[in-house]
Amino acid sequence: MKVSLLPTLNDGNLDANQMNSQRQLAISLSAIAEASDRNVPLNLCLILDHSGSMSGRPLETVKKAANQIVDRLKEGDRLSVVVFDHRAKVLVPNQIVSDREAIKQKINRLAADGGTAIDEGLRLGIEELAKGKKETVSQAFLLTDGENEHGDNKRCLKFAQLAAGYNLTLNTLGFGDNWNQDILEKIADAGGGTLSYIQRPEQAVDEFARLFNRVQAVGLTNAYLLFSFMPKVRLAELKPVAQVSPDTIELPVQQEADGRFAVRLGDLMKDTERVVLANMYLGQFPAGKHVIARVQVRYDDPAQNQTGLLSENIPVEVSVVPAYQGEANPEVQQHILALAKYRQTQLAEAKLQQGDRAGAATMLQTAAKTALQMGDVGAATVLQTSATRLQSGEELSESDRKKTRIVSKTVLQD
């Protein structure tokens, strides 16, 4: 398994007469499978809410979705199932999947009762995943329909960070309209996974299947994007790096002992691009070609049981010209718009929390226009609908807020 790594500037030319310039660097990354690669077993943990509010159709559809996952696991894959209400317990201990019917019987016997303690479910799920992490792709699906009323949200985030440190990926699924979108998004972001919204019970099976397809495509794990910058080049100080595809996540940057900057990416999927956008400032350069930065990926290959591998160290070049004319790269411009859509929506949400409904509506309209510029009509419709509701004096429902958050992060799939 190898890494595909392609850096592209939003404008590859620089004005020789300009003292300072700003550039966005888009880096496309994916794993490339080779003929000799063996399939890496999956180590999956389902962490399922079975509190009283899941009673009836919600829990029945979740059980159906979980059963279909059990059927899709391959020989050699590992599974564990943790369930929680106001307590948590291990329903299926971490094991290589052999007796599928016995596992499904345990899932089918689940009944809805009690409150919600997400952090306890998360803790047990991480413990089960850790038992099977060697030479596997380790992922959790955490599903809940409620607030963490019997738990501690700060504890959830600590567990998510702990999971990332153990090279375990956490995906979160919000079911219905009463879950806390801030905490589930933060768990997924910190855990290197993705946030999904199951608005209606019948969507559970499809959403589990979509996530499972994504997990099956993982080829490399524990990936870090490494930047080294030449003199006169620096990262922006505020939110310098974000992932913009397949969904948008602000990525924290840390400096390594050798002076390079590292951004944790987690898993890389086979032939499915992840795109990271870095915001840089450049000083004045003399005319000619200059290397301004180098990018490299450090990663683990679970198929080979190898850790700390390094991709090629790829230079990023600019052409410094005396008679400069701007030449924006249209593909990078799309990525810049994706990040703008996300950040504009975040500003709208902040204004709404402060009671500034007019300001929130204006920012949502701006985000809708940005989505249209991208050709993301689905997001534009959701964002504009929310803006119009606020302008007409209506409150945004929980469903409106959640749809607004999801479309700000990704392009809706049909």
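Quick caveat: nothing in here was measured; it's all calculated off a predicted structure.

About the cut-offs
- Residues numbered from 1 in each chain as written.
- Predicted model: local features only at pLDDT ≥ 70, side-chain atom pairs only at ≥ 80, totals over all residues.
- Heavy atoms only, no water.
- Pairing = 2+ DSSP bridges.
- Helix = DSSP H or I, 4+ residues; strand = E, 2+ residues; numbered from the N terminus.
- Axes fitted to C-alpha atoms, helices over the stretch in contact; angles between N-to-C directions.
- Contact = heavy atoms within 4.5 Å.
- UniProt positions renumbered as here; feature names shortened; annotations may be inferred.
- Domains from an automatic or database assignment.
- Buried area = accessible area lost by both parts, 1.4 Å probe.
- Salt bridge = Lys/Arg side-chain N within 4 Å of Asp/Glu carboxyl O.
- Phe/Tyr/Trp six-rings, centres within 6.5 Å; stacked < 30°, edge-to-face > 60°.
- Buried < 20%, exposed > 50% of the residue type's maximum accessible area, 1.4 Å probe, protein only.
- Polar contact = N/O pair within 3.5 Å; in protein donor to acceptor, adjacent residues only side chain to side chain.
- Expected span 1.5 Å × (residues − 1).
- Parallel < 35°, antiparallel > 145°, perpendicular 65-115°, else oblique.
- Left-handed = near helix turned anticlockwise from the far one by under 90°.

Enquirer: What exactly am I supposed to notice about the sheet that holds strand β8 (residues 169-175) here?
Expert: To summarise the sheet geometry, strands pair through backbone hydrogen bonds and adopt either a parallel or an antiparallel arrangement. Strand order in the open sheet formed by 6 strands is β6-β5-β4-β7-β8-β9, and the pairing between neighbours is mixed. What marks the edges here is a single partner per strand, and that holds for β6 (88-96) and β9 (192-198). Taken over all neighbouring pairs, the strand axes of this sheet differ in orientation by 10 degrees on average, direction set aside. Of the strand pairs in this sheet, strand β4 (residues 42-49) and strand β5 (residues 78-84) are connected by 7 bridges, and their pairing is parallel. Considered in β5, the bridge of Asn43 is made with Arg78. Running over the sheet, helix α3 (residues 118-131) touches β4, β5, β6, β7 (137-144) and β8 and is turned about 15 degrees from β6. Where helix α5 (residues 181-190) meets the sheet, it contacts β7, β8 and β9, and its direction lies at approximately 150 degrees from that of β9.

Enquirer: Looking at this structure, how should I read the UniProt feature "domain: VWFA" (unreviewed entry) in the protein?
Expert: Residues annotated by UniProt as "domain: VWFA" (unreviewed entry) correspond here to residues 43-215. Its end C-alpha atoms 10 Å apart, residues 43-215 is made of 43% helix and 26% strand.

Enquirer: How do you make sense of the environment of Glu34 when you look at a structure like this?
Expert: If you trace the backbone, Glu34 turns up in the loop between β3 (21-32) and β4. As for Glu34 and Ala16, which are separated by 18 residues in sequence, their C-alpha atoms are 44 Å apart. Contact partners of Glu34, with chain neighbours within four places excluded, come to Met1 and Lys2.

Enquirer: How do you make sense of the domain arrangement of the protein when you look at a structure like this?
Expert: Size of an interface: often given as the accessible area lost when the parts come together. Entries for the protein in the domain assignment read domain 1 (1-32 + 220-239 + 251-319), domain 2 (40-197) and domain 3 (331-407). Measuring from the centre of the C-alpha atoms in domain 1 to the corresponding centre in domain 3 gives 30 Å. Contacts between the two partners involve 8 residues from domain 1 and, on the opposite side, 6 residues from domain 3. Interface area, domain 1 with domain 3, both sides summed: about 590 Å², of which 71% is carbon and sulfur. Summed over the shared surface of domain 1 and domain 3, the number is 0 salt bridges.

Enquirer: I'm lost on the pairing of strand β17 (residues 288-301) in this one. Help?
Expert: Side-chain direction in a regular strand flips from residue to residue, so the side chains alternate between the two faces of the sheet. Strand direction decides the pairing type here: strand β10 (residues 218-229) and β17, joined by 7 bridges, are antiparallel. By the bridge assignment for β17, Leu225 is matched with Val297. Both β17 and strand β19 (residues 314-321) contribute to a ladder of 7 bridges, which runs antiparallel. Across the sheet, residue Lys289 finds its bridge partner in β19, namely Ser319. Bridge analysis of β17 against strand β18 (residues 306-310) gives 3 bridges, and the strand direction is antiparallel. Within β18, the residue paired with Asp301 across the bridge is Gln306. Between the end of β17 and the start of β18, which pair antiparallel, lie 4 residues, with Asn305 showing a positive phi angle near 55 degrees.

Enquirer: Before we go on, may I ask you to explain the packing of aromatic side chains in this structure?
Expert: Aromatic ring pairs are defined here through the distance separating the ring centres and the angle between the ring planes. Counted under the stated rule, the structure contains 4 aromatic pairs. Seen in terms of ring centroids, Phe227 and Phe229 are 5.8 Å apart; in terms of plane orientation they differ by 10 degrees. Their pairing is stacked. By the burial criterion, Phe227 is buried, and Phe229 matches it. An aromatic cluster is defined as three or more aromatic residues linked by ring pairs; in this entry it consists of Phe227, Phe229 and Phe261.

Enquirer: Explain the side chain of Arg23 here, please?
Expert: Its place among the elements puts Arg23 in strand β3. At 3.0 Å, the side chain of Arg23 and the backbone oxygen of Asp11 are in polar contact. Apart from the residues within four sequence positions on either side, Arg23 is in contact with Leu9, Asn10, Asp11, Asn13, Leu14, Ala278, Asn279, Met280, Leu282 and Tyr324.

Enquirer: Sorry, what's going on with helix α9 (residues 377-391) here?
Expert: In an α-helix, one turn spans 3.6 residues, which is why side chains three or four residues apart end up on the same side. With 15 residues, α9 extends 21 Å from end C-alpha to end C-alpha; this agrees with the ideal 21 Å at 1.5 Å per step. Listed as buried for α9 are Ala379, Ala380, Val382, Leu383, Ser386, Ala387 and Leu390. Packing partners of the buried residues in α9 comprise α7 (330-353), α8 (357-374) and α10 (398-409). A positive backbone phi angle near 90 degrees is found at Gly393, which sits one or two residues after α9.

Enquirer: Would you mind going over the side chain of Thr194 with me for this structure?
Expert: Residue placement: Thr194 occurs in strand β9. Among the polar contacts made by the side chain of Thr194, one reaches the side chain of Asp247 at a distance of 2.7 Å. Setting aside anything within four residues of it in sequence, one finds Thr194 in contact with Leu170, Asn171, Thr172, Ala188, Leu211, Arg214 and Asp247.

Enquirer: Which parts of the structure should I look at to understand the packing of α7 against α8?
Expert: Two packed helices can be described by the angle between their axes and the distance between those axes. At a minimum axis distance of 8 Å, the contact between α7 and α8 shows a crossing angle of 165 degrees. As the angle between them shows, α7 and α8 are arranged roughly antiparallel. In this structure, α7 crosses over α8, and the sense of that crossing is left-handed. Between α7 and α8, the residues in contact are Gln334, Leu337, Ala338, Ala340, Lys341, Gln344, Thr345, Leu347, Ala348, Lys351 and Leu352 and Arg357, Gly359, Ala360, Met363, Leu364, Thr366, Ala367, Thr370, Ala371, Gln373 and Met374, respectively.

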